[in-house]
Amino acid sequence: MVTNLFCFFLEMSDTSALESLVEMGFTQNRAKKALAATGNQGIESAMDWLVEHEDDPDIEEEIETSEPVPEETESTEMTEDMDTSAGRAFLTEEEKEKQTKRMMELIAQKQREREEREKREKIEQEKQRRKQGQELSAIRQRLQEQEMQKLADDRRKEKQEELKARERVREKIARDKAERARKFGGATAEPVSPPAETPIPASALSPSSPTQEPPVKKEYDQCRIQIRLLDGSALSQTFRAREQLAAVRVYVELNWPGGAGEPFNLLTTFPRRVFTEDDMEKPLQELGLVPSAVLIVAKK
């Protein structure tokens with residue numbers, strides 16, 4: 001009999017706390033879950049739990065609750081427990097108002113904390129955006145400087161090649177004159193007129209004449225890359241042979257008309273090869289793209 005009375009008062013206490021939470025604006029599922037999670041220690045503990053877990057994805061899911069069966073104790077102890085439970089079961093309007101005020105303060109505090117956290121996250125995102133913009137600007141400036149330096153180097157090399165070609169032609173003409181003098185310039189009884197000078201063919205004056213020194217394999221330090229975009233247009237740029245393939249990808253991203261809308265791969269067709277992220281760290285000469293190559297842009 002005593003056990004049944006204790007269970008009755010305990011159920012009344014839980015029911016009263018549940019009703020109070022519902023009256024404060026919480027759903028029944030949330031209120032039940034909060035009371036179960038705090039061990040039915042009171043409305044304030046339940047409200048604290050609700051504020052902490054209001055964003056849980058499973059907050060509205062129903063839970064199965066089972067009433068604990070208390071062991072029988074001495075009648076005096078049961079009486080005190082019933083009195084305490086009965087005292088907690090009913091709240092006055094003033095207590096409800098205080099608890100509601102406490103709940104609103106907790107909610108407002110959580111809202112302020114969330115706003116502060118979101119504000120810090122926005123500031124950090126803005127810092128990251130500015131940092132990325134500065135990095136892209138530095139890369140763009142470096143590419144422009146490299147292009148200007150490349151143009152100056154190319155012009156200087158062209159002048160050097162022209163001077164060398166002229167020097168080779170002059171040397172060949174001098175050798176030909178010396179050879180003719182040796183053949184026809186010796187002492188004779190009668191003066192012998194040398195044969196008419198045969199014009200030197202243009203191929204003999206060319207730097208690539210077979211009579212010149214054997215050609216030496218040229219080491220290229222520049223690489224001309226043509227990139228075909230998805231819309232059929234093309235980009236063309238000269239890079240250093242030791243630059244990484246990542247520099248080509250950055251150049252495409254910066255000079256793509258309208259900007260690259262989605263991630264892309266770089267590949268060659270003959271032979272077909274799709275370059276991976278590991279290839280981006282390799283020099284162009286190691287990838288076989290020197291002195292010139294055509295790269296195709298493809299969607300990932």
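On a predicted model such as this, the values are computed, not experimentally measured, just so you know.

**Looking at the overall build of the chain**
A tally of regular secondary structure across the chain gives seven helices and five strands. Counting the 300 residues in the chain, one finds 25% classified as buried. In the chain, the proportion of contacts linking residues at least 24 apart, taken out of those at least 6 apart, comes to 63%. Summing over all exposed atoms, the chain offers an accessible surface of approximately 21700 Å²; the carbon and sulfur share of this is 50%.

**Regarding helix α7 (residues 245–255)**
Residues spaced three or four apart along an α-helix point in a common direction, a consequence of the helix completing one turn every 3.6 residues. Within α7, the full set of buried residues consists of L245, A246, A247, V248, V250, Y251 and V252. In this fold, the buried residues of α7 make contact with α5 (93–184), β1 (222–228), β2 (234–240), β3 (264–269) and β5 (292–299).

**Looking at the confidence of the model for the chain**
In the predicted model, the chain carries a mean pLDDT of 78, and 75% of its residues have values of at least 70. Across residues 69–89, confidence stays below pLDDT 50; counting only partners more than four residues off in sequence or on other chains, it has 18 contacts. In the model, residues 187–192 has pLDDT below 50 throughout and makes zero contacts with residues more than four positions away in sequence or in other chains.

**Regarding the nonpolar core**
Core analysis: the biggest nonpolar cluster contains 23 residues, and I225, I227, L245, V248, L266 and L289 have the highest contact counts within it. Elements with a contribution of two residues or more to this core: β1, β2, α7, β3 and β5. Counting residues per element, this core draws most heavily on α7, at five residues. Setting aside its immediate chain neighbours within four residues, L289 contacts C223, I225, L245, T268, F275, L284 and L295. By size, the runner-up hydrophobic cluster in this structure holds 15 residues, among which are A17, A34, A46 and M47.

**Comments concerning unusual backbone geometry**
For the bond from F270 to P271, the omega torsion is -10°, close enough to zero to count as cis. Among the structural elements, P271 can be located in the loop between β3 and β4 (272–274). Looking along the chain, the bond that leaves V290 and enters P291 is cis, with omega of 5°. You will see that N40, though not glycine, has its phi angle at about 55°, which is positive.

**Some points on the packing of helix α2 (residues 28–37) against helix α3 (residues 43–52)**
Following both chains from N to C, one finds α2 and α3 inclined at 115°, their axes separated by 8 Å at the closest point. The angle between α2 and α3 places the two elements in the roughly perpendicular class. The chirality of how α2 crosses α3 is right-handed. Between α2 and α3, the contacting residues are R30, K33, A34, L35 and A37 on the first element and A46, W49 and L50 on the second. Grouping the constituent residues of the contact of α2 with α3 by class yields six nonpolar, no polar and two charged.

**Focus: the packing of aromatic side chains**
Following the criterion strictly, the structure yields two aromatic pairs and no others. Where F239 meets Y251, the ring centres are 5.8 Å apart and the plane angle is 85°; that geometry is what we call edge-to-face. One end of the pair, F239, is in strand β2; the other, Y251, is in helix α7, and 12 residues separate them in sequence. On the accessibility criterion, F239 (2% relative accessible area) is buried. Y251 sits in the buried class, given a relative accessible area of 10%. Look at W256 and F264: their rings are 5.6 Å apart centre to centre, the planes differ by 55°, and that puts the pair in the tilted class. One exposure class covers both W256 and F264, and it is buried.

**Brief notes about a negative patch on the surface**
On the surface, a cluster of negative charge is made up of E115, E116, E118 and E121. Within the fold, E115 resides in helix α5.

**Focus: α5**
Between its terminal C-alpha atoms α5 stretches 135 Å, which fits the 136 Å expected from 92 residues at 1.5 Å a residue. For α5, the complete set of buried residues consists of K96, Q99, M103, L106, K110, R114, L143, K150, D153, A165, V169 and K172.

Analysis parameters
Residues numbered from 1 in each chain as written. Predicted model: local features only at pLDDT ≥ 70, side-chain atom pairs only at ≥ 80, totals over all residues. Heavy atoms only, no water. Helix = DSSP H or I, 4+ residues; strand = E, 2+ residues; numbered from the N terminus. Buried < 20%, exposed > 50% of the residue type's maximum accessible area, 1.4 Å probe, protein only. Contact = heavy atoms within 4.5 Å. Areas by Shrake-Rupley, 256 points an atom, 1.4 Å probe, with all protein chains shown as cover. pLDDT = per-residue confidence, 0-100. Core = buried A, V, L, I, M, F, W, Y, C linked by side-chain atoms within 4.5 Å. Axes fitted to C-alpha atoms, helices over the stretch in contact; angles between N-to-C directions. Parallel < 35°, antiparallel > 145°, perpendicular 65-115°, else oblique. Left-handed = near helix turned anticlockwise from the far one by under 90°. Nonpolar A, V, L, I, M, F, W, Y, C, P; charged D, E, K, R; others polar. Phe/Tyr/Trp six-rings, centres within 6.5 Å; stacked < 30°, edge-to-face > 60°. Patch = residues over 30% accessible without salt bridge, like charges linked within 9 Å, V, L, I, M, F, W, Y side chains within 5 Å. Salt bridge = Lys/Arg side-chain N within 4 Å of Asp/Glu carboxyl O. Lys, Arg positive; Asp, Glu negative; His and termini not counted. Charge placed at Lys NZ, Arg CZ, Asp CG, Glu CD. Expected span 1.5 Å × (residues − 1).

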